[in-house]
Amino acid sequence: DNQRLRLGTGNDLEIFHNNDNSFINDSGTGQLMIQASGLRLRNYPEGHTQVNCQDDVVELYYNNSKKFQTDSDGVEIFGNRLRLADNVKAAFGSGADLQIYHDGNHSYIQDAGTGSLILVSNQVVMQNAAQTENMFAAIENAGCNLYYDNVKKFETTSSGAEVFGELQMNDANSHIK
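We now turn to the structure provided with this report. (Residues numbered from 1 in each chain as written. Predicted model: local features only at pLDDT ≥ 70, side-chain atom pairs only at ≥ 80, totals over all residues. Heavy atoms only, no water.)

What follows covers the sheet that holds strand 1 (residues 4-7). As summarised here, the arrangement of the three strands in space is 1-2-3, forming an open sheet in which the pairing is antiparallel. The open sheet has two edge strands with one neighbour each: strand 1 and strand 3 (22-26). Averaged over all pairs of adjacent strands, the angle between their axes in this sheet comes to 10 degrees, without regard to strand direction. Where strand 1 and strand 2 (residues 13-17) come together, four bridges link them in antiparallel fashion. Each residue of the ladder has a partner; that of Arg6, found in strand 2, is Glu14. (Pairing = 2+ DSSP bridges. Helix = DSSP H or I, 4+ residues; strand = E, 2+ residues; numbered from the N terminus. Axes fitted to C-alpha atoms, helices over the stretch in contact; angles between N-to-C directions.)

Structure follows, in structure tokens:
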């Protein structure tokens, strides 16, 4: 313990162990480089992989389960969530034109770029936070529906629109054709 293996003219690289931990200490100029055809870091004594570097792939593990991997297309995340703290934005596009974030009070999908924000689906449904009531539904080749308290109040049809319940028009210049 506490003996140091020192390398370099100015003892720039040290390898040592104190009573509790082991160290590779590079206090010189430049970078510490580890060159190998592959590199795997495992915890002791369980031997669980924590980092695996092979060829052009880097993998990160939690409790011996892969959670992150680089590949030729970018990165892949394994697991069931990607958690970002409040006010941290997931930004998309070269100019970060599309942003998705939560500010601690409200959640946002913000399109600040040129063009339109386009949702592509054969059916788009907006529900309440509890996912127990529809608020809006747009269905391919079947129209759009608006709901109040999960009861359909307005529907577009092939011939126009249908109102369910009372229609109030408060403007004296309003006309129905």
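Don't stop here, the text continues.
Bringing the sheet that holds strand 14 (residues 143-148) into the picture now. What the five strands build is an open sheet, ordered 12-13-14-15-16; its pairing is antiparallel. With one partner strand each, in any of the chains shown, strand 12 (123-127) and strand 16 (160-163) form the two edges of the open sheet. Averaged over all pairs of adjacent strands, the angle between strand axes in this sheet comes to 10 degrees, irrespective of strand direction. Direction of pairing for strand 12 relative to strand 13 (residues 134-139): antiparallel, over a ladder of five bridges. Within strand 13, the position partnered with Val125 by the bridge is Ala137.

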